[in-house]
Every structure is written in structure tokens, then in C-alpha cells.
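Notes for the structure review
Now for the letters of each chain:
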Amino acid sequence: MKLLITAAAVLAVVFLAVWFRRRIQNRQAATGKVVQLKARRKVSGQAGVNRCSFCKKKAKRLSFYANEGGRVIGVCDICKPQAERRALLRL
Ligand SMILES: [Zn+2]
């Protein structure tokens, strides 16, 4: 009976140790690269940040114009002449 209790105690300690380590790892992962990646993805995924308003393609460089409705739109180099032709206000 004593051996059984000891075995149970050892098992409990091992279980706790594994659980605790996993918790620490999760916290490290949450505060580490994962969150940074998520935050970065959130920023780059915002409408108009680096997506062309005309062709909806991602562009490294965007030119910003105010359209007829007064809304700011980002235009890639390919669609830039299109925006110029529409006489949009260059920002
Ligand atoms: Zn474009």
C-alpha cells in the first residue's frame, strides 16, 4: 500500500512538472515570435496599407490619392496612371 502511494505521488509530481513546463513554454511562445508575427500580419492585412485599391494586389510601394468620395486610396505603380487620369488629388 505504501508503495502504491509513493508511486502515485511520483506520478503526480511528474505530471505537475510536465504541465508546468508546458505552461511556461506556452507563455514563452505567446509572448515571443508568435505574437510578433500575428501583430505584423494584422498590420499588413489592414485595408489600404499595402494593397492597391484598384487591382487589389499587394504592392511594396503605394501612392496615396483622395478619390471622388474623399476617401484615401493606395495605388500601386501599375495603376498610378489610372489614378492620374481620374484626376484624383495626390496626397
Ligand atoms: Zn494596382
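Above this text you will find the structure in question.
Reference entry: report on the structure contained in this document. (Residues numbered from 1 in each chain as written. Predicted model: local features only at pLDDT ≥ 70, side-chain atom pairs only at ≥ 80, totals over all residues. Heavy atoms only, no water.)

This part takes up the overall build of the chain. On a plain count of helices and strands, the chain comes out with 3 helices and 3 strands. Along the chain, helices (α) and strands (β) appear in the sequence α-α-β-β-α-β when read from the amino end. A separation threshold of at least 6 residues defines the contact pool for the chain, and within that pool the share at least 24 residues apart is 22%. If you sum the accessible surface of the chain, you get close to 8000 Å²; carbon and sulfur atoms cover 62% of it. (Helix = DSSP H or I, 4+ residues; strand = E, 2+ residues; numbered from the N terminus. Contact = heavy atoms within 4.5 Å. Areas by Shrake-Rupley, 256 points an atom, 1.4 Å probe, with all protein chains shown as cover.)

As judged from the 4 bridges shared by strand β1 (residues 63–66) and strand β2 (residues 72–75), these two strands associate in the antiparallel manner. Counted as the bridge partner of Ala66 is Val72 from β2. (Pairing = 2+ DSSP bridges.)

Once that is clear, we can look at the coordination of the zinc ion. Tetrahedral metal sites with four donors have an ideal angle of 109.5 degrees; octahedral sites with six donors have ideal angles of 90 or 180 degrees. Distances from the zinc ion to its protein donors, Cys52 (SG), Cys55 (SG), Cys76 (SG) and Cys79 (SG), fall within 2.3 Å. The site at the zinc ion holds 4 donor atoms, and with the angles between them running 103 to 116°, its shape is tetrahedral. (Donors = N, O, S within 2.8 Å, 3.2 Å for Na, K, Ca; no water. Tetrahedral: all angles 85-135°; square planar, octahedral: opposite > 155°, others 65-115°.)

The subject of this paragraph is a nonpolar patch on the surface. Taken together, Phe15, Leu16, Trp19, Phe20 and Ile24 make up a surface patch of nonpolar side chains, about 560 Å² in accessible area. Structurally, Phe15 can be placed in helix α1 (residues 2–31). (Patch = residues over 30% accessible without salt bridge, like charges linked within 9 Å, V, L, I, M, F, W, Y side chains within 5 Å. Salt bridge = Lys/Arg side-chain N within 4 Å of Asp/Glu carboxyl O.)

Leave glycine aside and you will find that most residues have negative phi; peptide bonds, for their part, are mostly trans. Phi at Lys56 takes a positive value of approximately 65°, unusual for a residue other than glycine. As for its placement among the helices and strands, Lys56 is situated in the loop between α2 (33–44) and β1.

With that out of the way, let us pick up the pattern of salt bridges. Taken as a whole, this structure holds 1 salt bridge when the rule is applied. Across the pair Asp77 and Arg61 runs a salt bridge whose closest N-O atoms are separated by 3.1 Å. Separated by 16 residues along the polypeptide, Asp77 in the loop between β2 and α3 (80–85) and Arg61 in the loop between α2 and β1 bring together distant segments of the chain. We classify Asp77 as partly exposed; its relative accessible area is 41%. (Buried < 20%, exposed > 50% of the residue type's maximum accessible area, 1.4 Å probe, protein only.)

Now for the environment of Ile78. Its location among the elements puts Ile78 in the loop between β2 and α3. By relative accessible area, Ile78 is classed as exposed at 74%. In this structure, the C-alpha to C-alpha distance between Ile78 and Leu62, residues 16 residues apart in sequence, is 9.9 Å.

Bear in mind that shape data such as this cannot, by itself, settle questions of function.
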